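Chain by chain, the residues:
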Amino acid sequence: MSTPTTTRQDNLQSRLPDPTPLFPELVAMAGTMTKAIQNGSVPQTTVHLVQLRAGQIVGSTYHTVRQTGELRQAGETEERITAVASWQDAPYFTDAERVALELVEAVLTPNPFAERVSDELYARATGHYDDKALWTLTLAISQVCYFIPVALVAKPIPGMAPGKNYSK
């Protein structure tokens, strides 16, 4: 007996309508942020891995589906994509990718006893990334953090292209 590998609910609805007719400047703003993080100082695969991990940490289906799709489109293996959730002991990531994943976890995980991004983590990051690349990673995390409330409150439809992911 076989079971389907994917299930899609055809009746998914977003909570809110597409915000771009209400705030047309969002398109330019998102485009500017995307252009900034596509400056070549950090591989786009690393950016998508970081943004996928951010979506996993905050429990956003929209972001995990979107970033998984971006990684598949870039030719990433299913092993690497699936292992993002358990990257600490997975053998599929470079040291630079591990530092980037640790950085996004530090930013998004509360630490009541110390700084979220420790000096030690920052020092390890500077061993793999120059100033421009560290800013790029910071902006990549900022970009996904900007859209997390949009995903959690408005609930755009996962798997749909931007602009087509709102039902109202």
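Scroll up for the structure.
Parameters and conventions
Residues numbered from 1 in each chain as written. Predicted model: local features only at pLDDT ≥ 70, side-chain atom pairs only at ≥ 80, totals over all residues. Heavy atoms only, no water. Axes fitted to C-alpha atoms, helices over the stretch in contact; angles between N-to-C directions. Helix = DSSP H or I, 4+ residues; strand = E, 2+ residues; numbered from the N terminus. Left-handed = near helix turned anticlockwise from the far one by under 90°. Contact = heavy atoms within 4.5 Å. Core = buried A, V, L, I, M, F, W, Y, C linked by side-chain atoms within 4.5 Å. Buried < 20%, exposed > 50% of the residue type's maximum accessible area, 1.4 Å probe, protein only. Salt bridge = Lys/Arg side-chain N within 4 Å of Asp/Glu carboxyl O. 1 Å grid on protein atoms, 1.4 Å probe; cavity = no way out; pocket = protein on both sides within 12 Å on 5 of 7 lines; lining within 4 Å. Points joined across faces, edges and corners; volume = space filled by probe spheres on them. Nonpolar A, V, L, I, M, F, W, Y, C, P; charged D, E, K, R; others polar.

Novice: Teacher, can you tell me more about the packing of helix α2 (residues 44–58) against helix α7 (residues 131–154) here?
Specialist: Packed helices, taken two at a time, are described by the angle between their axes plus the distance between the axes. Between α2 and α7, whose axes approach to 10 Å, the crossing angle comes to 40°. Handedness of the crossing formed by α2 with α7: right-handed. In this structure, α2 contributes Thr46, Val47, Val50, Gln51, Ala54 and Val58 to the contact, and α7 contributes Leu137, Ala140, Ile141, Gln143, Val144, Ile148 and Leu152.

Novice: Is there a simple way to explain the nonpolar core in this structure?
Specialist: Within soluble globular proteins, side chains that are nonpolar generally end up buried alongside one another. If you look at the biggest cluster of nonpolar residues, it comprises 20 residues, and the most contacted ones within it are Val42, Val50, Val104, Tyr129 and Leu137. Among the secondary structure elements, those contributing two or more residues to this core are α2, α5 (95–108), α6 (119–126) and α7. Each residue touching Tyr129, except ones within four places of it in the same chain, is listed here: Val42, Thr46, Ala96, Glu97, Val99, Ala100, Leu134 and Leu137.

Novice: Is there a simple way to think about the environment of Arg98 in this case?
Specialist: Residue position: Arg98 is located in helix α5. Put simply, Arg98 and Leu22 are 76 residues apart on the chain and 39 Å apart in space, counted from C-alpha to C-alpha. In this structure Arg98 touches Trp87, Gln88, Ala90, Pro91, Tyr92 and Phe93, once residues within four positions along its chain are discounted.

Novice: In this structure, what is going on with the pattern of salt bridges? I would like to understand it.
Specialist: Any two side chains of opposite charge can pair if their charged atoms end up close together. Counted according to the given criterion, the structure contains six salt bridges. Linking Glu102 and Arg124 is a salt bridge whose minimum nitrogen-to-oxygen distance equals 2.3 Å. Of the two residues, Glu102 is situated in helix α5 and Arg124 in helix α6; the sequence distance between them amounts to 22 residues. When salt bridges with common partners are traced through the structure, they connect Glu76, Arg80 and Glu97 into a single cluster.

Novice: When you look at the layout of surface pockets in this model, what are you seeing that I'm missing?
Specialist: Regions of empty space are outlined by a rolling probe, equal in size to a water molecule, passed over the atoms. In this model, the largest pocket occupies a volume close to 890 Å³. Around the largest pocket, the lining is made up of 37 residues, and of these Ala30, Tyr62, Arg66, Phe147 and Pro162 lie nearest the centre. Looking at the lining of the largest pocket, the elements that each hand over two or more residues are α1 (25–37), α2, α3 (61–73) and α7. For the lining of the largest pocket, the class distribution of residues is 23 nonpolar, eleven polar and three charged. The computed volume of the second largest pocket comes to approximately 230 Å³. If you trace the second largest pocket, you find it lined by Leu103, Val107, Val117, Tyr122, Ala125, Asp131, Leu134, Trp135, Thr138, Ile141, Ser142 and Cys145. Broken down by secondary-structure element, the contributors of at least two residues to the lining of the second largest pocket are α5, α6 and α7.

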